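Structural overview
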Amino acid sequence: MESESRIAQWLRRKSARPGTAGDNGTRRRGARGGRQGAAEARAARDRETLLLTAAEAGFPLAPAAHPSGYGCSCARIGCPTPARHPVSFAWQTQATTDREQVERWLRADPQANFITATGRSHDVLDVPAEAGRAALARLEEAERTADPEGEPVLGPVALSGDGRMLFFTATRGTPDDEDEWWPCELDCHPETMDEHPGLRWHCRGSYVLVPPARLPGEGPDDDIRWLREPRPGAPLPEPLILLETLTDACAEYAVSVEGSDEPAPWPVR
């Protein structure tokens, strides 16, 4: 018993002594916590900068849901589109490029994703990621050889963790000929599937998540991020300039997955 008592006393003296392993461990944990906090603050500032840049580039923004656990921050049980939808049904009215309003939304909910309403200042051509990568390489090559004073060939491009790539273009608005107006369900009509496999055109009445945005998942590969960031004042390409290249890439992708275990090239509705 006496031996045990001496050992216990020695252990107590060692743990209480400044600079011991226990004290160093506390300091190390504090340092790690400080670095983690600084990194999170830096990431929040970078995210705010990217969102405000998108607004300054003319993309109308409105707050959207964000991941919560393995689901969605909204109150809907079994939300079918977790972290992918606007917070309010009035998102078309809310969407704005006003910097102060975007900052207020960010302060109210720092974790919120944001959508950008299409069909006002811009449209978005939305394709499977594999087709998008092939199209992006071709368009970047065309951009390198294009006349710098001519029409832009390529604008902002985003990659989504759910396997889609988004090409931001100028909007067609409301053409005089209503038959020329293509809705975002372009790829969902049987008569157009063969022509435009895997392609969705987000225009009037639609929206997309604007980067940086988080989707339910465990890593950065599940997020939505810019491959080419928007630049305030830079003109956007006409959608018809990109359409042929994107359509060809989608058709090649559709052929490559035919008969395989890969998911269908059309978005799940």
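Look a little higher up for the structure.
Residues numbered from 1 in each chain as written. Predicted model: local features only at pLDDT ≥ 70, side-chain atom pairs only at ≥ 80, totals over all residues. Heavy atoms only, no water.

Brief notes about the packing of aromatic side chains
Inspection of every chain in the model, using the stated rule, returns four aromatic pairs. Ring centres of W105 and F114 lie 6.3 Å apart, and the angle between their planes is 50°; this geometry places the pair in the tilted category. Each member of the pair, W105 as well as F114, carries the same accessibility label: buried. Judged by centre distance (5.1 Å) and plane angle (55°), the rings of F168 and W226 are tilted. Of this pair, F168 sits in strand β7 (residues 164–170) while W226 sits in strand β10 (residues 224–228), placing them 58 residues apart in sequence. Taken together, the ring pairs connect F59, F168 and W226 into an aromatic cluster. (Phe/Tyr/Trp six-rings, centres within 6.5 Å; stacked < 30°, edge-to-face > 60°. Buried < 20%, exposed > 50% of the residue type's maximum accessible area, 1.4 Å probe, protein only. Helix = DSSP H or I, 4+ residues; strand = E, 2+ residues; numbered from the N terminus.)

With respect to the pattern of salt bridges
Under the defined criterion, the tally for this structure stands at nine salt bridges. Salt-bridge contacts for E140 lead to R228; the nearest nitrogen and oxygen are separated by 4.0 Å. Here E140, found in helix α5 (residues 129–145), pairs with R228, found in strand β10; they are 88 residues apart in sequence, far enough to count as distant. Salt bridges here are not isolated pairs; linked through shared partners, they connect D126, R164 and R200. (Salt bridge = Lys/Arg side-chain N within 4 Å of Asp/Glu carboxyl O.)

Describing the side chain of S160
Mapped onto the elements of the fold, S160 is located in strand β6 (residues 157–160). Polar side-chain contacts of S160 include one of 2.3 Å to the side chain of D162. Excluding residues that lie within four positions of it along the chain, S160 makes contacts with L215, D223 and I224. (Polar contact = N/O pair within 3.5 Å; in protein donor to acceptor, adjacent residues only side chain to side chain. Contact = heavy atoms within 4.5 Å.)

Let's talk about the sheet that holds strand β5 (residues 122–128)
As a general point, the strands of a sheet are linked pairwise by backbone hydrogen bonds and lie either parallel or antiparallel. Strand order in this open sheet of five strands is β8-β5-β7-β6-β10, and the pairing throughout is antiparallel. A single partner strand is all that each edge strand has here, and the edge strands are β8 (200–202) and β10. Direction aside, neighbouring strands of the sheet carry axes that sit 25° apart on average. Lying over the sheet, α5 contacts β5, β6, β7 and β10, oriented at roughly 40° with respect to β7. (Pairing = 2+ DSSP bridges. Axes fitted to C-alpha atoms, helices over the stretch in contact; angles between N-to-C directions.)

Remarks on the state of the cysteines
Per the stated rule, a full pass over the model turns up zero disulfides. This cysteine, C72, is not joined by any disulfide, and C74 carries the nearest cysteine sulfur, 3.5 Å off. Left without a disulfide partner, C79 is nearest to the cysteine sulfur of C74, which lies 3.9 Å away. Take C79: its relative accessible area is 14%, and that puts it in the buried class. (Disulfide = S-S within 2.5 Å.)

As for the side chain of T116
When you line up the elements, T116 lands in strand β4 (residues 113–117). T116 gets classed as buried once you look at its relative accessible area, which sits at 0%. Beyond its immediate stretch of four places on either side in the chain, T116 contacts F59, P60, L61, H122, F168, S206, Y207, V208 and V210.

Topic: the pairing of β4
Two faces make up the sheet, and in a regular strand the side chains alternate between them. Counting buried residues in β4 gives five out of five residues, a clear majority hidden from the surface. The side-chain alternation of β4 yields two buried faces, one formed by N113, I115 and A117 and the other by F114 and T116. Examined bridge by bridge, strand β1 (residues 61–64) and β4 share four bridges and lie antiparallel to one another. In the sheet register, A62 faces β4, and the bridge partner there is I115. Bridge count between β4 and strand β9 (residues 207–209): three bridges; the pairing is antiparallel. Residue pairing for β9: T116 is matched across the bridge by V208.

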